[in-house]
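Each chain, written out:
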Amino acid sequence: MAKVIVVTSGKGGVGKTTSAAALSAGLALRGFKTAVIDFDVGLRNLDLIMGCERRVVYDFINVINGDAKLHQALIKDKRLENLFVLPTSQTRDKDALTQDGVERVIGELREEFDYIICDSPAGIERGAFLAMYFADEAIVVSNPEVSSVRDADRMIGLLTSKSRRAEQGEPIIQNLLLTRYDVERVEKGEMLKVEDVQDILAVPLLGIIPECPSVLQASNVGTPVILDEKSLAGRAYAEAVGRLLGDDVPVTVPRGSKRGLIDRLLRRTA
Amino acid sequence: MSVLGIFSRRPKKTAEAARERLQILLAHERAGLSGADFLPQLQRELIEVIRKYVSVDEDRVQVKLEREQHLSVLEVNIELPTPSERNN
């Protein structure tokens, strides 16, 4: 049966689109037919992160309005057989999303796909609400930073009370994805620890994505970072996908093998 | 601070402050006590009640809310007119 998963956060810039792109590519890599939808109407970006920006003809809003068929708007990924992108409109505003329209498109996708990933816009307004409303599961993305944790908490509250599943008395499954984690700063006491964030938010941890240069490099060229299998972030996303699929992999704190020269010398003499 | 002090200086544990601030804030926000939206209304109603007995200037009423982990303090400060003002 198809599963609808929203990638959400409340706060902007924490890595929702990066995560939605990586997780959907990871699910496709594992053999599941996956569609990823951009809900950020007016600020289209998923297409760019997925590297299909020059192939956008029709979008989500065209499908909702009946101007295009779903299969015309879905863009097939050039690297992965099972991966499809549904871009959003760049010109309309968020009112172009209607609840009935979103329900119809998601319903249609459910018939054809194993996973439907909804890339939520920031905020808690219409776009963010509709991105999460029909979801079976939610991945709440947060950085180890106070404002992002607060907004994640707010989002968890909304998922718990305002999603369709919540209204039907069947709770939405929630997971936390902690991104931009810098283990060295955590060890210096400069950054919230994963345990602290988990304690505060009280949602199961799907993974820890380290602060990693590969994320920007992947976005520069329009490749989901999970395809950079050697990178720390890519590996962390691959493990998160595994856990999403029920793999029994303990969450580890990602750590690079490279250390600064001074740091190495200090450690050697210590 | 001595020259050596620069090298032996311990990093500040700001992450602990972040955790404590979040714990306090979210405990209140989840309880629906966030934003203190009721304060302006509270202030208006307090003034109405007090005006039944003494005349007070709206600018001389202060309502403050201080939130801590285990208790919150609502501080209401009402400045009553001095006798000389009252005679005027």
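Calculation criteria
Residues numbered from 1 in each chain as written. Chains lettered and ligands numbered in written order. Predicted model: local features only at pLDDT ≥ 70, side-chain atom pairs only at ≥ 80, totals over all residues. Heavy atoms only, no water. UniProt positions renumbered as here; feature names shortened; annotations may be inferred. Helix = DSSP H or I, 4+ residues; strand = E, 2+ residues; numbered from the N terminus. Contact = heavy atoms within 4.5 Å. 1 Å grid on protein atoms, 1.4 Å probe; cavity = no way out; pocket = protein on both sides within 12 Å on 5 of 7 lines; lining within 4 Å. Points joined across faces, edges and corners; volume = space filled by probe spheres on them. Nonpolar A, V, L, I, M, F, W, Y, C, P; charged D, E, K, R; others polar. Buried < 20%, exposed > 50% of the residue type's maximum accessible area, 1.4 Å probe, protein only. Pairing = 2+ DSSP bridges. Buried area = accessible area lost by both parts, 1.4 Å probe. Salt bridge = Lys/Arg side-chain N within 4 Å of Asp/Glu carboxyl O. Polar contact = N/O pair within 3.5 Å; in protein donor to acceptor, adjacent residues only side chain to side chain. Core = buried A, V, L, I, M, F, W, Y, C linked by side-chain atoms within 4.5 Å.

Under an unreviewed UniProt entry, the name given to chain B is Cell division topological specificity factor, and the source organism is Magnetospirillum molischianum DSM 120. As recorded by UniProt, the Sequence similarities (unreviewed entry) comment attached to chain B reads in full: "Belongs to the MinE family."

Chain A is annotated in an unreviewed UniProt entry as Septum site-determining protein MinD from Magnetospirillum molischianum DSM 120. Database annotation for chain A, UniProt heading Function (unreviewed entry): "ATPase required for the correct placement of the division site. Cell division inhibitors MinC and MinD act in concert to form an inhibitor capable of blocking formation of the polar Z ring septums. Rapidly oscillates between the poles of the cell to destabilize FtsZ filaments that have formed before they mature into polar Z rings." What UniProt states about chain A under its Subunit (unreviewed entry) heading is, verbatim, "Interacts with MinC and FtsZ."

Participant: Just give me the short version of the overall build of chain B, but keep the residues and values in it.
Facilitator: Helix and strand counts for chain B stand at four helices and two strands. Put simply, chain B runs from its N terminus to its C terminus through helices and strands in the order α-α-α-β-β-α. For chain B, restricting intrachain contacts to residue pairs at least 6 apart in sequence, the fraction spanning at least 24 positions comes to 40%.

Participant: Tell me about the layout of surface pockets, and name the residues and values.
Facilitator: Residues and elements named next belong to chain A. Estimated volume of the largest pocket: approximately 560 Å³. If you trace the largest pocket, you find 28 residues lining it, with Gly13, Val14, Gly15, Lys16 and Thr18 closest to the centre. Of all the secondary-structure elements, those providing two or more residues to the lining of the largest pocket are α1 (16-29), α2 (46-50), β7 (173-181), β8 (205-210) and α11 (213-221). Top contributing element to the lining of the largest pocket by residue count: α11, with four residues. Grouping the constituent residues of the lining of the largest pocket by class yields 13 nonpolar, nine polar and six charged.

Participant: Outline the pairing of β7(A), supporting the account with residue identities and numerical values.
Facilitator: Moving residue by residue along a regular strand, the side chains alternate between the two faces of the sheet. Residue and element names in this part refer to chain A. Most of β7 is tucked away, with seven of its nine residues classed as buried. Inspection of the sheet shows strand β6 (residues 137-142) paired to β7 by six bridges, in the parallel sense. Residue pairing across strands places Val140 opposite Leu176, the latter belonging to β7. Alignment of β7 against β8, held across four bridges, turns out to be parallel. Looking at the pairing, Tyr181 lines up with Pro210 of β8.

Participant: Help me get a handle on the interface of chain A and chain B, residues and values and all.
Facilitator: Counting from both sides, the interface comprises 12 residues of chain A and, opposite them, 13 residues of chain B. Regarding the contact of chain A and chain B, the summed buried area is about 1,100 Å², with carbon and sulfur atoms giving 62% of it. It is A:Val146, A:Arg150 and A:Ile200 in chain A that bury the most area against chain B; as a group they hold 43% of the surface buried on that side. Counting the contacts that link chain A with chain B gives three salt bridges. Ionic pairing is found between B:Arg19 and A:Asp196, a salt bridge with its closest N-O pair at 3.6 Å. Linking chain A with chain B are five residue pairs in polar contact (both at pLDDT 80 or more). Elements represented by at least two residues in the side of chain A that touches chain B include exactly α7 (146-162) and α10 (194-201) of chain A.

Participant: Account for the nonpolar core, with residues named and values stated.
Facilitator: The tendency in soluble globular proteins is for nonpolar side chains to be buried as a group. By size, the foremost hydrophobic cluster in this structure holds 56 residues, and its most contacted members are A:Phe39, A:Phe60, A:Leu97, A:Val102 and A:Leu109. Considering each element in turn, this core owes the most residues, six residues, to α7(A).

Participant: I'd like to hear about the UniProt feature "binding site: ATP" (unreviewed entry) in chain A, residue by residue, with values.
Facilitator: Residue and element names in this part refer to chain A. Residues annotated by UniProt as "binding site: ATP" (unreviewed entry) correspond here to Lys11, Gly12, Gly13, Val14, Gly15, Lys16, Thr17 and Thr18. In the annotated set above, the residues contributing to the lining of the largest cavity are Thr18. As for its position among the elements, Gly12 is in the loop between β1 (3-8) and α1. Among the residues examined, Gly12 registers a relative accessible area of 34% and is labelled partly exposed. Note that Gly15 resides in the loop between β1 and α1. Looking at Gly15, the relative accessible area reads 18%, which means it is buried. If we ignore the near neighbours within four places in the chain, the residues touching Gly15 are Val141 and Tyr237.

Participant: Just give me the short version of the UniProt feature "domain: AAA" (unreviewed entry) in chain A, but keep the residues and values in it.
Facilitator: Here, the residues flagged by UniProt with the feature "domain: AAA" (unreviewed entry) are residues 2-156 of chain A. As annotated, residues 2-156 of chain A has a helix share of 39% and a strand share of 18%, and its two end C-alpha atoms lie 23 Å apart.

Participant: Residues and numbers for empty space enclosed by the protein, please.
Facilitator: All names here are of chain A. Summed over all chains, the structure comprises one cavity of 30 Å³ or more. Here the element with the most residues in the lining of the largest cavity is α11; it accounts for three residues. Each residue belonging to the lining of the largest cavity can be placed in one class, and the counts come to five nonpolar, three polar and no charged.

Participant: Outline the pattern of salt bridges, supporting the account with residue identities and numerical values.
Facilitator: Residues and elements named next belong to chain A. Scanning all chains against the criterion turns up 17 salt bridges over all chains. Its salt-bridge partner being Asp136, residue Arg165 comes within 3.3 Å of it at the nearest N-O pair. Of this pair, Arg165 sits in helix α8 (residues 164-167) while Asp136 sits in the loop between α6 (126-133) and β6, and the two are 29 residues apart along the sequence. Residue classification places Arg165 among the buried residues on the basis of a relative accessible area of 18%. Here the residues in one salt-bridge network are Arg110, Asp136, Arg165 and Glu170, joined through shared partners.

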